[in-house]
Amino acid sequence: MSDTVDDILICASDAIENGGKGVRFPLTAGGEDATGFVVRHGGTAYAYLNRCAHVPIELDWAEGEFFESSKLYLMCSTHGAVYVPETGQCAGGPCRGGRLRPIAVVEHDQQIYWQPDEYVRPVRA
């Protein structure tokens with residue numbers, strides 16, 4: 001299987017481990033510069049816009065550090081909101097039923113790619 005025109009390379013598949021450090025990538029969200037991130041949980045890669053549902057700030061406390069200490073949830077470093085890695089749904093904290101904005105990812109040929117949509121687009125040079 002080969003990547004399509006819309007698939008944008010993020011990283012090699014082995015760059016992310018279950019519950020480990022994520023990989024950030026540049027994009028535009030609603031026309032503004034932003035970042036997305038990809039993590040692995042339960043053997044599957046998940047990607048989200050790097051923006052807390054509670055307050056629109058980046059989640060990671062150090063670059064690529066998205067999981068809280070148990071490695072079961074993604075956590076906003078600023079306010080402690082926690083999210084389910086598989087769905088981005090708020091699981092506790094001040095996000096109150098919010099959710100992270102998912103970014104479609106595909107994994108093939110030992111690479112992880114993201115797919116733009118109407119809101120998240122590649123950064124223009």
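Residues numbered from 1 in each chain as written. Predicted model: local features only at pLDDT ≥ 70, side-chain atom pairs only at ≥ 80, totals over all residues. Heavy atoms only, no water.

### Regarding the pairing of strand E4 (residues 44–49)
Of all the six residues making up E4, five are buried; the element is thus mostly covered by neighbouring parts of the structure. As defined by bridge partners, strand E3 (residues 32–41) adjoins E4 across six bridges and the pair is classed as antiparallel. Residue pairing in the sheet places Phe 37 in a bridge with Tyr 48 of E4. (Buried < 20%, exposed > 50% of the residue type's maximum accessible area, 1.4 Å probe, protein only. Helix = DSSP H or I, 4+ residues; strand = E, 2+ residues; numbered from the N terminus. Pairing = 2+ DSSP bridges.)

### Quick look at the state of the cysteines
A full pass over the atoms with the stated rule returns one disulfide. Each sulfur in the disulfide pair Cys 90 and Cys 95 lies 1.9 Å from the other. Measuring the twist about the S-S bond at about 70°, one finds the Cys 90-Cys 95 disulfide to be right-handed. In terms of burial, Cys 90 and Cys 95 fall into one category: buried. Between Cys 76, a free cysteine, and Cys 52, which holds the nearest cysteine sulfur, the sulfur-to-sulfur gap is 3.8 Å. (Disulfide = S-S within 2.5 Å.)

### Regarding the environment of Tyr 46
Its location among the elements puts Tyr 46 in strand E4. Assessed through its relative accessible area of 18%, Tyr 46 is described here as buried. Each C-alpha atom of the pair Tyr 46 and Glu 86 lies 6.7 Å from the other, and the pair is 40 residues apart in sequence. The contacts of Tyr 46, once residues within four sequence positions are left out, are Phe 37, Val 38, Val 39, His 41, Pro 85, Glu 86 and Val 105. (Contact = heavy atoms within 4.5 Å.)

### Focus on the sheet that holds strand E7 (residues 90–92)
Strands sit in the order E5-E6-E7 across an open sheet of three strands; the sheet is antiparallel. Bordering the open sheet on either side are strand E5 (74–75) and E7, each of which pairs with just one other strand. Sheet analysis places E5 next to strand E6 (residues 82–83), joined by two bridges and oriented antiparallel. Opposite Met 75, over in E6, you have Val 82 as the bridge partner.

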